[in-house]
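Understanding the architecture of this molecule
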Amino acid sequence: MKTLIANFKMNMTPTQTKDYLITFLSRVDSEKLDLTLCLPYTSLFIGDFWCADKNIRLGAQNLSDEEEGRNTGEISGAMLKDSGVDYVIVGHSERRKRFKEDGKSINRKIKIGLKNGLGLILCVGESLAERNTLKTYEVLKEQIESALKGLYENELERIIIAYEPVWAVGSGKTPSPKEIEEAVKEIKKVVCDDFSLGASESIRIVYGGSVDSKNIKQLNSCKNINGFLIGQACLDPNEFLKICSLVR
Ligand code: 13P
C-alpha cells in the first residue's frame, strides 16, 4: 500500500480546512492508501474531528525541540499527541533554511516525538549546488546521521524518511526516477552502516518535491520508494484526489 503525505504548509484557515475536508473525504478511497494530512496547527482540531472515523492519519508540520515550559509560541510533542496527531514533519528544508534548524535540534525533536508516541517524517535532501558538486551522498549522510543519532533500531519503525531535494521543492522540477533510485540507495546505505541491513531494507522512504497529477505515474515507477510527500498539489482537493487515484 502506497504512503501519501500531504504537507499543507502555511495554507488554509480552519474554516477553509473544513470545506476542503468535506470535499476531499466525500470522494477519497482512503482504504486503499496510507494517507497522512499534515495540517497547520490551527487546523488540527478540525482534522481530528473530520478524519476521526476515516482511515486517515493526522499530521503536523513541526514540533518544539524542548519538552515544555518557557518557549513562547512553540508547540510541544505532548500537545500534538493530545490533539490527535499521529505523525509530525521534522527537518523540512524550508525550516532548515528559514529558521536555521540544525541536526542537533532535529535530533531532539525526533526523540521528543518518539517519547510522546508520535511518528516522524524526516526530510532530507541536497541543494542544487550540492548536487552539481557531487555532494549529494555527503549531505544525505550528514543529515540522516545527525537526525537519527542515539536512536534504537526498533524506533526506526516510526520514522519515514522523505527524500526532498531542495531544488525540486516548489520549483516544478523533479529528479528522474533513476536519480531518485540512486538517492534512495544512498539513504539505505547510511541506514545500513549505522543500524543494520534489516533496518535499511525496512525503513520507509518517500519522495517529495513538485509531485503532481502529471508526473505521479512516472515517479511512481521508482521501485524502492514507499510513497510521496506532496506540497502545492494537495491544496486543490480535485488535484489531490487525482493523485490519490493514480498512485495506487
Ligand atoms: P511541493 O510539492 O510544493 O514542491 O512541496 C514539496 C514539499 O515541500 C512537501 O513537504
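Scope of this entry: the structure provided in the associated data block. (Residues numbered from 1 in each chain as written. Predicted model: local features only at pLDDT ≥ 70, side-chain atom pairs only at ≥ 80, totals over all residues. Heavy atoms only, no water.)

**A word on the overall build of the protein chain**
Note the following rule: Per the convention used, a helix needs a DSSP run of H or I reaching at least four residues, while a strand needs a run of E reaching at least two, with both numbered from the N terminus. Here the globule rule is a power law, 2.2 Å times the number of residues to the power 0.38, and the radius of gyration is based on C-alpha atoms. Exposure categories follow from relative accessible area, calculated using a 1.4 Å probe and restricted to protein chains: below 20% of the type maximum is buried, above 50% is exposed, and the middle band is partly exposed. Accessible surface area values rest on a Shrake-Rupley calculation with a 1.4 Å probe, where residue burial reflects the displayed protein chains alone. Note that His is not counted, nor are the chain ends; the positive residues are Lys and Arg, and the negative ones are Asp and Glu. Charge coordinates come from a single atom per side chain, which is NZ of Lys, CZ of Arg, CG of Asp or CD of Glu.
If you tally the helices and strands in the protein chain, you get 11 helices and 8 strands. For the protein chain, whose C-alpha radius of gyration is 17 Å, the value lies close to the compact-globule estimate of 18 Å for 248 residues. Seen along its three principal axes, the alpha-carbon backbone of the protein chain occupies a region of about 45 × 45 × 35 Å. Burial analysis of the protein chain (248 residues in total) assigns 52% to the buried set. Total accessible area computed for the protein chain in this model is approximately 12000 Å², and 50% of it derives from carbon and sulfur atoms. Between the averaged position of the 35 positive side-chain charges in the protein chain and that of its 35 negative side-chain charges there is a distance of 3 Å.

**Overview of the site of the ligand**
Applicable threshold: Any residue with a heavy atom positioned within 4 Å of a molecule or strand is treated as near that molecule or strand. We call two N or O atoms a polar contact when they sit within 3.5 Å, provided that within protein one can donate a hydrogen and the other can accept it, with sequence-adjacent residues counted only if both atoms are side-chain atoms. The way it works is a 1 Å grid over only the protein atoms, where trapped points that fit a 1.4 Å probe form a cavity and open points with protein on both sides within 12 Å along at least five of seven lines form a pocket, and then any residue with an atom within 4 Å of a point lines it. Each molecule is assigned to a cavity or pocket provided more than half of its atoms lie within 2 Å of the corresponding grid points. Three classes are used, and their members are as follows: Ala, Val, Leu, Ile, Met, Phe, Trp, Tyr, Cys and Pro are nonpolar, Asp, Glu, Lys and Arg are charged, and the others, Gly among them, are polar.
Taken together, the neighbourhood of the ligand is formed by Asn 7, Lys 9, His 92, Glu 164, Ala 168, Val 169, Gly 170, Gly 209, Ser 210, Leu 229, Gly 231 and Gln 232. Here an oxygen atom of the ligand sits 2.8 Å away from a polar atom, N or O, in the side chain of Lys 9. At a separation of 2.8 Å, an oxygen atom of the ligand approaches a polar backbone atom of Gln 232. Its free accessible area being 300 Å², the ligand has 97% of it covered by the protein chains. Under a 2 Å grid-point criterion requiring more than half of the atoms, the pocket assigned to the ligand is the second largest pocket. For the shell around the ligand, the residue count by class is 3 nonpolar, 7 polar and 2 charged.

**Remarks on the nonpolar core**
Selection rule: We call a set of buried residues a nonpolar core when its members are Ala, Val, Leu, Ile, Met, Phe, Trp, Tyr or Cys and they connect through side-chain atoms within 4.5 Å of each other. Residues count as neighbours in contact if any of their non-hydrogen atoms are within 4.5 Å of one another.
Among the nonpolar cores identified, the biggest contains 67 residues, and Leu 4, Phe 24, Leu 37, Ile 110, Phe 228 and Phe 240 are the most heavily contacted of them. In terms of residues, this core owes the most to one element, helix H8 (residues 177-194), which gives 6 residues. In contact with Leu 4, not counting residues within four places along its chain, are Leu 33, Asp 34, Leu 35, Thr 36, Phe 228, Ile 230, Phe 240, Ile 243, Cys 244 and Val 247. Counting residues in hydrophobic clusters, the runner-up holds 10 residues, among them Ile 89, Ile 121, Cys 123 and Val 206.

**Some details on the environment of Leu 122**
Looking at the secondary structure, you find Leu 122 in strand S5 (residues 119-124). Remark: the alpha-carbon pair of Leu 122 and Arg 108, spanning 14 residues in sequence, is separated by 12 Å. Discounting chain neighbours no more than four positions away, the residues touching Leu 122 are Val 90, Arg 96, Ile 106, Ile 110, Ala 147, Leu 148, Ile 159, Ile 160, Ile 161 and Ala 162.

**A closer look at the pattern of salt bridges**
What counts is decided by this rule: For this analysis, a salt bridge means a side-chain nitrogen from Lys or Arg found within 4 Å of a carboxyl oxygen belonging to Asp or Glu.
Considering all chains together, one arrives at 13 salt bridges under this definition. A salt bridge links Arg 108 to Asp 65, with the nearest nitrogen and oxygen atoms 2.8 Å apart. Remark: Asp 65 occurs in the loop between strand S3 (56-60) and helix H3 (77-82) and Arg 108 occurs in helix H5 (residues 103-115); sequence separation between them is 43 residues. Overall, Asp 65 belongs to the buried group, its relative accessible area being 17%. The closest approach of N and O atoms between Glu 145 and Lys 141, which form a salt bridge, is 3.2 Å.

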